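A structural walkthrough
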Amino acid sequence: MDPLELTLCESAEALRAGTLSSAALVEAYRNRAEQLNPKIHAYLNIAGEDVIRAARDADESWSAFRRGGDAPGPLTGIPVAVKDVLCVKGYPCTCGSRILENFKPPYTATAVERLQSAGALILGKTNTDEFAMGSSTENSAFGMTHNPWDAERVPGGSSGGSAASIAARMAPIALGTDTGGSIRQPAAYCGVVGLKPSYGRVSRYGLIAFGSSLDCVGVLARTVEDAAFLMEIMAGYDPMDSTSMPEKTPAYRKTLSGEPDLRGIRIGIPKEYFSAGIQPDVDRLVREAIGVLGSLGAETKEISLPNTEFALPVYYIVAPAEASANLARYDGVRFGLRREGQTLRELYDGTRGAGFGPEVKRRIMLGTYALSAGYYDAYYGQAQKVRTLIKADFENAFRSVDIIASPVTPSTAFRAGEKVDNPLAMYMEDLLTLPASLAGVPGISLPCGRDSQGLPVGLQLSGPFLGEETLLRVSWSFQKVTRWHKEAPSP
Ligand code: GLN
């Protein structure tokens, strides 16, 4: 059995049964990651030999269990890749930025910590656009990640390293973050599953902040079941994050069994998401995927989310405004890079000038402007009001449907370099993922076909706030009767 062919759930089962050793599993992934990283550059950092030793300890725990001992945590011996914006003690956390190049956080993010407590082993830190700002990983200060389906193309972003690591079988599961689409869009471009939970479902303690009213920690996986497995362990209230939801996390995986049956499920198709500008292949494959949901018994109907067109301008006020405040802390005094100067002003200017890349500087300037006296009401205040309307669109829609289905992106993965000089074209990437982010509702990207060039296409499903259970159930049903998630690029 090739351990790289197993899904996360299958590996976990095999470890428990003793038909697979963690040492073999971790070694296979680590070798694969080392071997492909020069080409794909999914990782900024790959675990050293000590992770194999930890895997052997995990094997010990499992054999003790089989001899009648206590059951170890459900992820014992499973390797996990982590986007390099989440703090993991013992690893640098760069956020893809020069300004944090040598930053070693003294603590671990709650989301990661929960996985470790369940026995997971950290396989490495994955590449990202600088401070998660971007849609292609081309904004990483350490070089882009390449799409495993076509190395000339971008993997999407900002969680492009995590998405590529799953597609290229360099990790069985990876954590990502999504502020405006950064899990769903790279998942679509790399042909993997990407789950952005509801805002507040997963703790952000130890996630380096970008846009605090939008940031979510989620999962990139091969299957819906794998994503559900990780979410179950990771989600839930955390006293260290006052925005985390007190609601109990449902046992998501329990609902993913039996026959795929969607009778009684109402699926809304927002007409605004299928307007001109969608690549014909994407339009066709997403409509076919919705047809599959219909064939499983779901009722499908057209709906309207009338304020969709404002999502992009609203996001590009709110996110940069919050980013400009969040990034004020990188001034050379306490974290990361420091460029000495004669005066405090020189220290700040020198450090920030040298440490931040062009897109981050652009966002800081946009955000500072939008928040400045005299402009606040016209920009930030106005954007907040329109955001409320976008949120209301979803609330209205979810009165008559259970799930909203659409494309994830207007097109498939674009070529590296194609949009780097055109920020607006890059921002347009997020057209269809931003509204759910602004509304705080959960969304998932599922592989649903390949375009005429063989590039993956994603189906986006969104659910009501804290409605992950139904979202996962519908997604799982789709995967039960399709094969797109089983396809992988040849190495
Ligand atoms: N691409 C979007 C941006 O550049 C979203 C990024 C994200 O979700 N982190 O802001």
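Let me sum up the structure you'll find in this document. This is a predicted model, so every value here is computed, not measured.

Things to note about the side chain of Ser-477
Residue placement: Ser-477 occurs in helix H15 (residues 468-480). A polar contact of 2.8 Å, which involves the side chain of Ser-477, links it to the backbone oxygen of Arg-473.

Observations regarding the pairing of strand S11 (residues 456-462)
Along S11, seven of the seven residues are buried, which leaves the element largely enclosed by surrounding structure. Taking every second residue as pointing to the same face, both faces of S11 are buried, with Pro-456, Gly-458, Gln-460 and Ser-462 on one and Val-457, Leu-459 and Leu-461 on the other. Judged from the four bridges that link them, strand S9 (residues 403-407) and S11 form a sheet pairing that is antiparallel. Bridge assignment links Ser-406 to a residue of S11, and that residue is Gln-460. Where strand S10 (residues 443-450) lies against S11, six bridges are found, and the strand directions are antiparallel. Across the sheet, the residue bridging to Pro-447 is Gly-458, located in S11. In sequence, S10 turns back onto S11 through a hairpin of five residues, with Gly-454 there showing a positive phi of about 85°.

Considering the pairing of strand S2 (residues 79-83)
The buried fraction of S2 amounts to five of the five residues, a majority that puts the element mostly inside the structure. Going residue by residue along S2, you find Pro-79, Ala-81 and Lys-83 tucked away on one face and Val-80 and Val-82 tucked away on the opposite face as well. Two elements, S2 and strand S3 (residues 121-126), share five bridges in a ladder whose sense is parallel. Its bridge partner being in S3, Val-82 is matched across the sheet by Lys-125. In this view, the connection linking S2 to its parallel neighbour S3 by way of helix H4 (residues 110-117) has right-handed handedness. Where S2 and strand S4 (residues 173-178) come together, two bridges link them in parallel fashion. Within S4, the position partnered with Val-82 by the bridge is Leu-175.

Things to note about the packing of helix H9 (residues 311-326) against helix H12 (residues 377-400)
It is the contact of H9 with H12, at a shortest axis distance of 9 Å, that shows an interaxial angle of 125°. As far as their axial angle goes, H12 and H9 are oblique. In the packing of H9 onto H12, the handedness of the crossing is left-handed. Along its contact with H9, which presents Ala-311, Val-314, Ile-317, Val-318, Ala-321 and Glu-322, the element H12 presents Tyr-379, Tyr-380, Ala-383, Gln-384, Val-386, Arg-387 and Ile-390. Partitioned by chemical class, the residues of the contact of H9 with H12 number 10 nonpolar, one polar and two charged.

A look at the sheet that holds S3
Strand order in the open sheet made by the 11 strands is S1-S3-S2-S4-S6-S5-S10-S11-S9-S7-S8, with mixed pairing throughout. Here the strands that pair on one side only, and so sit at the sheet edges, are strand S1 (43-46) and strand S8 (299-303). Taking the axes of each pair of neighbouring strands and ignoring which way they run, one obtains an average angle of 30° across the sheet. Sheet analysis places S4 next to strand S6 (residues 216-221), joined by six bridges and oriented antiparallel.

Structural notes on the site of the ligand
Of all residues adjacent to the ligand, which total 15 residues, the nearest are Thr-179, Gly-180, Ser-182, Tyr-315 and Arg-363. Ser-158 is positioned such that a nitrogen or oxygen atom in its side chain is 3.5 Å from a nitrogen atom of the ligand. In isolation the ligand has 290 Å² of accessible area, and contact with the protein removes 100% of it. Its residues assigned to classes, the shell around the ligand shows five nonpolar, seven polar and three charged.

Focus on the packing of aromatic side chains
Any two aromatic rings considered together are summarised by their centre-to-centre distance and by the angle between their planes. Throughout the structure, instances matching the rule amount to 15 aromatic pairs. Measuring from ring centre to ring centre gives 5.1 Å for Phe-131 and Tyr-330, while their planes differ by 40°; the resulting arrangement is tilted. Taken together, the residues span a long stretch of sequence, with Phe-131 in the loop between S3 and helix H5 (160-167) and Tyr-330 in the loop between H9 and helix H10 (344-355) at a distance of 199 residues. Assigned by exposure class, Phe-131 and Tyr-330 land together as buried. Relative to Tyr-375, the ring of Tyr-369 lies with its centre 4.5 Å away and its plane at 25°, an arrangement referred to as stacked. For Tyr-369, a relative accessible area of 41% corresponds to the partly exposed category. The rings of Phe-103, Phe-131, Tyr-330, Phe-335 and Phe-356 are connected pair by pair, giving a single aromatic cluster. Across from the ring centre of Phe-229, 4.0 Å away, lies the NZ or CZ of Arg-253, which sits over that ring.

Scoring rules and cut-offs
Residues numbered from 1 in each chain as written. Predicted model: local features only at pLDDT ≥ 70, side-chain atom pairs only at ≥ 80, totals over all residues. Heavy atoms only, no water. Helix = DSSP H or I, 4+ residues; strand = E, 2+ residues; numbered from the N terminus. Polar contact = N/O pair within 3.5 Å; in protein donor to acceptor, adjacent residues only side chain to side chain. Buried < 20%, exposed > 50% of the residue type's maximum accessible area, 1.4 Å probe, protein only. Pairing = 2+ DSSP bridges. Right-handed = clockwise from strand over helix to strand, strands pointing away. Axes fitted to C-alpha atoms, helices over the stretch in contact; angles between N-to-C directions. Parallel < 35°, antiparallel > 145°, perpendicular 65-115°, else oblique. Left-handed = near helix turned anticlockwise from the far one by under 90°. Contact = heavy atoms within 4.5 Å. Nonpolar A, V, L, I, M, F, W, Y, C, P; charged D, E, K, R; others polar. Near = heavy atom within 4 Å. Areas by Shrake-Rupley, 256 points an atom, 1.4 Å probe, with all protein chains shown as cover. Phe/Tyr/Trp six-rings, centres within 6.5 Å; stacked < 30°, edge-to-face > 60°. Lys NZ or Arg CZ within 6 Å of the ring centre and 35° of its normal.

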